[in-house]
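Spelled out from the first residue to the last, the chains are:
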Amino acid sequence: MKHAPVSMSRRAILGGLLAAPFVIRPAAAASLARGLTMKHLHTNETISATYWRNGKYDLGAWKELNQFLRDWRTDGVVSIDLRTLDMVHRVCDRIGAPKSVEILSGYRSPQTNAMLRKRSSGVAKKSYHLKGKALDFRLPNQDLRKTHRAALSLKAGGVGLYSRSQFIHVDSGPVRNWGR
């Protein structure tokens with residue numbers, strides 16, 4: 001059986017092409033949103049923030065995250081590097097985990113970092129936490145080593161595994177890794 005050729009007017013073709021972006025964009029824009037739900041294990045505070053939407057960072061949400069990730073000992077606040085937040089978001093994506101994160105440490109003031117260095121040899125003198133470029137976290141109900149491998153696979157910055165303390169360190173510094 002022969003099929004009759006389908007003919008379409010230029011107007012129909014152009015109309016379809018012009019309408020296509022309006023059909024695709026809402027779904028694509030929604031999938032590009034980046035957000036995290038966090039619980040700070042030292043303060044017991046929680047936050048849920050979408051910090052990227054519609055192709056750009058949401059500065060209001062970022063400001064809330066900066067406050068949330070403050071040095072809880074001194075209440076010092078700095079701007080958290082958005083690349084570090086993106087690393088945590090991407091780790092969750094890589095392992096198919098909910099964007100639910102338990103935070104152990106975000107920003108650290110010089111006073112806090114010095115105090116922690118006296119207690120542990122695992123605290124760097126020039127820690128990226130001092131610059132708001134590091135987070136120590138874990139993902140509830142997720143295997144720590146799998147989370148660590150996902151962070152390493154990003155090749156986006158520093159990644160540390162702290163198995164005894166059950167957390168992962170990520171930072172937006174040079175690509176390097178260590179583990180215990």
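Residues numbered from 1 in each chain as written. Predicted model: local features only at pLDDT ≥ 70, side-chain atom pairs only at ≥ 80, totals over all residues. Heavy atoms only, no water.

Draft legend 1. Quick peek at the overall build of the protein. Check the secondary structure of the protein and you find five helices and eight strands. Written out in order from the N terminus, the α and β elements of the protein read α-β-β-β-α-α-β-α-β-α-β-β-β. Taking all 180 residues of the protein together, the buried fraction comes to 39%. A fraction of 55% describes how many contacts in the protein between residues 6 or more apart in sequence connect residues 24 or more apart. For the protein, the accessible area works out to roughly 10,900 Å², and carbon and sulfur atoms hold 55% of it. (Helix = DSSP H or I, 4+ residues; strand = E, 2+ residues; numbered from the N terminus. Buried < 20%, exposed > 50% of the residue type's maximum accessible area, 1.4 Å probe, protein only. Contact = heavy atoms within 4.5 Å. Areas by Shrake-Rupley, 256 points an atom, 1.4 Å probe, with all protein chains shown as cover.)

Draft legend 2. Inspection of the sheet that holds strand 4 (residues 100-105) at higher detail. Strand order in the open sheet made by the eight strands is 3-2-1-4-5-7-6-8, with mixed pairing throughout. A strand with exactly one partner marks an edge of an open sheet, and here the two such strands are strand 3 (56-57) and strand 8 (176-179). Where strand 6 (residues 158-162) meets strand 7 (residues 167-171), five bridges bridge the pair, whose relative direction is antiparallel. Bridge assignment links Val 159 to a residue of strand 7, and that residue is Val 170. In the packing of helix 3 (residues 82-95) onto the sheet, contacts are made with strand 1 (34-40), strand 2 (46-53), strand 3, strand 4, strand 5 (134-138), strand 6 and strand 7, and the angle to strand 1 comes to roughly 95°. Packing of helix 5 (residues 144-154) onto the sheet brings it into contact with strand 5, strand 6, strand 7 and strand 8, and relative to strand 6 it is tilted by some 170°. (Pairing = 2+ DSSP bridges. Axes fitted to C-alpha atoms, helices over the stretch in contact; angles between N-to-C directions.)

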